[in-house]
Amino acid sequence: MATTTLLSKPPRKPLVGASILAADFAKMGPEARSALDSGADFLHFDVMDGHFVPNLTMGPDMCRSLRRELPDALIDVHLMVTDPGLFAEPFAAAGADHLTFHIEAVEDPAALAATIHELDMTAGVAINPPTDVSRVMGVLDAVDMVLIMSINPGFAGQTFMPEVLGTARTVSAALRPDQRLAIDGGVNRATAPACLAAGCDVLLAATAIYGSQDYAEAVAALRSGASIVSGSR
Ligand code: DX5
Ligand code: ZN
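The structure presented is a predicted model; accordingly, all values stated were derived computationally and were not measured.

## A short note on the pairing of strand β8 (residues 202-205)
- Neither face of β8 is exposed, since Val 202 and Leu 204 on one face and Leu 203 and Ala 205 on the opposite face are all buried.
- When strand β1 (residues 15-19) meets β8, the two strands line up parallel, connected through 4 bridges. Residue pairing for β8: Val 16 is matched across the bridge by Leu 203.
- Bridge analysis of strand β7 (residues 180-184) against β8 gives 3 bridges, and the strand direction is parallel.

Okay, here's the thing in structure tokens:
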């Protein structure tokens, strides 16, 4: 599967995921395609349930439609929901390639990661800014990616919280070369260099891409100044 290769191989340059949360929802197919045509490596698909976070967004049906429209796209689903285990199978059936769940939402993260793997997807664990890094350190072996939230999740367009960079550095030092470290929230051309310096190799961005006039320039700007080399971790 293309996904596994992209997320499990140390990238020569940082990967950029376009978070479609800031796209025009009435034009989702063309908006998603446009970000990929502009150089984004994959689509980041934010799922919110109005409980874990104070917003509602999209679910498996939207994922299925995007999969039909973009058969080769890597779809990375970020579950900001109270019960992520409920959604592993529906998203697998809807064509998702990767599922990230929040450490704050699960009692047995290794078991959920195993379920996600059994469904032939890669698995990620996300950590919110106030959560102690120790919560994820014990489950690193079970996942393919760790996602550091650099905002309190719920909305696009918030301001980057630099205090999470310490968490990124701690996690980065403990990851294997075949594991990715993503950062999500307020990532833009000004904040990306500090993220990369802290060991992140996957940049997730909504506003920085969809809020710009030129998506290709925006994606290139996110990667500029990067000096990630293969196997650097
Ligand atoms: C927020 C989402 C993020 C969001 C990022 O809860 O998880 O992926 O789309 O938006 P920006 O890049 O605008 O901060
Ligand atoms: Zn997200």
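Now that the structure is up, let's keep going.
## Quick notes on the site of ligand 1
- Near ligand 1 you find 20 residues, and of these Ser 19, Asp 46, Asp 184, Gly 186 and Thr 207 are the closest.
- Between Asp 184 and ligand 1, the recorded distance is 2.6 Å, taken from a side-chain N or O atom to an oxygen atom.
- In the model, an oxygen atom of ligand 1 is placed 2.8 Å from a nitrogen or oxygen of the Ala 206 main chain.
- Out of a free accessible area of 380 Å², ligand 1 has 99% covered by protein chains.
- Assessed atom by atom at 2 Å from the grid points, ligand 1 resides in the largest pocket.
- Of all elements in the fold, only β2 (42-48) and β3 (75-80) reach the threshold of two or more residues within the shell around ligand 1.
- Among the elements that take part in the shell around ligand 1, β2 stands out by supplying 3 residues, more than any other.
- Of the residues that constitute the shell around ligand 1, the class distribution is 10 nonpolar, 8 polar and 2 charged.

## Quick notes on the sheet that holds strand β5 (residues 122-127)
- Taken in spatial order, the 8 strands of this closed barrel run β1-β2-β3-β4-β5-β6-β7-β8, and their pairing is parallel. Here the strands of the sheet are splayed against their neighbours by 25° on average, with no regard to which way each runs.
- Direction of pairing for β5 relative to strand β6 (residues 145-149): parallel, over a ladder of 4 bridges. Looking at the pairing, Ile 127 lines up with Ile 148 of β6.

## Focus: the side chain of Thr 100
- On the secondary structure map, Thr 100 appears in strand β4 (residues 98-102).
- Judged by its relative accessible area of 0%, Thr 100 is buried.
- Within the structure, Thr 100 has its side chain in polar contact with the side chain of His 98 (distance 2.8 Å).
- Apart from the residues lying within four places of it in its own chain, the contact partners of Thr 100 are Asp 76, Val 77, His 78, Leu 79, Gly 124, Val 125, Ala 126, Met 145 and Leu 147.

## A word on the pattern of salt bridges
- Counted according to the given criterion, the structure contains 9 salt bridges.
- For the salt bridge of Asp 24 with Lys 27, the shortest nitrogen-to-oxygen distance reads 3.7 Å.
- Under the relative-accessibility criterion, Asp 24 is labelled partly exposed at 31%.
- Here the salt bridges do not stand alone but share partners, grouping Asp 141, Arg 176 and Asp 178 into one network.

## Brief notes about helix α5 (residues 109-118)
- All buried positions along α5 are accounted for by Pro 109, Leu 112, Ala 113 and Ile 116. Along the axis of α5, the buried residues cluster in a sector spanning 100°; they form a single face.
- Against the buried residues of α5 lie α4 (88-93), β4 and β5.
- Looking at the residues trailing α5, positive phi occurs at Asp 120, about 70°.

## Side note on the coordination of the zinc ion (ligand 2)
- At 2.1 to 2.3 Å from the zinc ion (ligand 2) lie its protein donor atoms, namely His 44 (NE2), Asp 46 (OD), His 78 (ND1) and Asp 184 (OD).
- Note that the zinc ion (ligand 2) binds 6 donor atoms; their angles at the metal cover 72 to 174°, and the shape is octahedral.
- Along the chain, the residues donating to the zinc ion (ligand 2) fall in the pattern H-x1-D-x31-H-x105-D. Residue Asp 46 is found in strand β2, and its partner His 78 is found in strand β3; the two are separated by 32 residues along the sequence.

Thresholds, definitions, all that
All residue numbers here refer to positions counted from 1 along the written sequence of the relevant chain. Chains carry letters and ligands carry numbers; both start at the beginning, A for chains and 1 for ligands, and go up in the order they are written. Residue-level local features of this predicted model are given only where pLDDT is at least 70; pairs of side-chain atoms are given and counted only at 80 or more, and the full residue set underlies all totals for whole chains, interfaces and linings. Side-chain measures were taken over the full set of non-hydrogen atoms in the model, leaving aside hydrogen atoms and water. Remark: exposure states derive from per-residue accessible area (1.4 Å probe, protein chains only) relative to the maximum for the residue type, with buried under 20%, exposed over 50%, and partly exposed in between. Secondary structure elements follow DSSP: runs of H or I of four or more residues count as helices, runs of E of two or more count as strands, with numbering from the N terminus. Strands were regarded as paired on the criterion that DSSP finds at least two bridges between them. Being near a molecule or strand, for a residue, means having at least one of its heavy atoms within 4 Å of it. Within 3.5 Å is the distance limit for a polar contact, defined as a pair of N or O atoms, with the added protein rule that one can donate a hydrogen and the other accept it, and that residues adjacent in sequence qualify only through two side-chain atoms. Accessible surface is estimated by sampling points in the Shrake-Rupley manner with a 1.4 Å probe; for residues, cover comes only from the protein chains shown. Note on definitions: the grid is 1 Å and covers protein atoms alone; a cavity is a set of points where a 1.4 Å probe fits but cannot get out; a pocket is an open set with protein on both sides within 12 Å along at least five of seven lines; lining residues have an atom within 4 Å of a point. Those molecules having more than half of their atoms within 2 Å of a cavity or pocket grid point set are described as sitting in that cavity or pocket. Residues were grouped as follows: Ala, Val, Leu, Ile, Met, Phe, Trp, Tyr, Cys and Pro as nonpolar; Asp, Glu, Lys and Arg as charged; and all remaining residues, including Gly, as polar. Axis lines are fitted to C-alpha atoms, over the contacting stretch for helices. Their N-to-C directions set the angle, which ranges from 0 to 180 degrees. Contacts between residues were defined by any pair of non-hydrogen atoms, one from each residue, lying within 4.5 Å. Salt bridges, as used here, are contacts in which a Lys or Arg side-chain nitrogen is within 4 Å of a carboxyl oxygen on Asp or Glu. Working note: the arc is built from the helix axis to C-beta atom directions. Listed donor atoms are N, O and S within 2.8 Å of the metal (Na, K and Ca: 3.2 Å). As water is not included, a site may look incomplete. For a four-donor site, all angles between 85 and 135 degrees give tetrahedral; for four or six donors, opposite pairs above 155 degrees with the remaining angles between 65 and 115 give square planar or octahedral; all remaining cases count as irregular.

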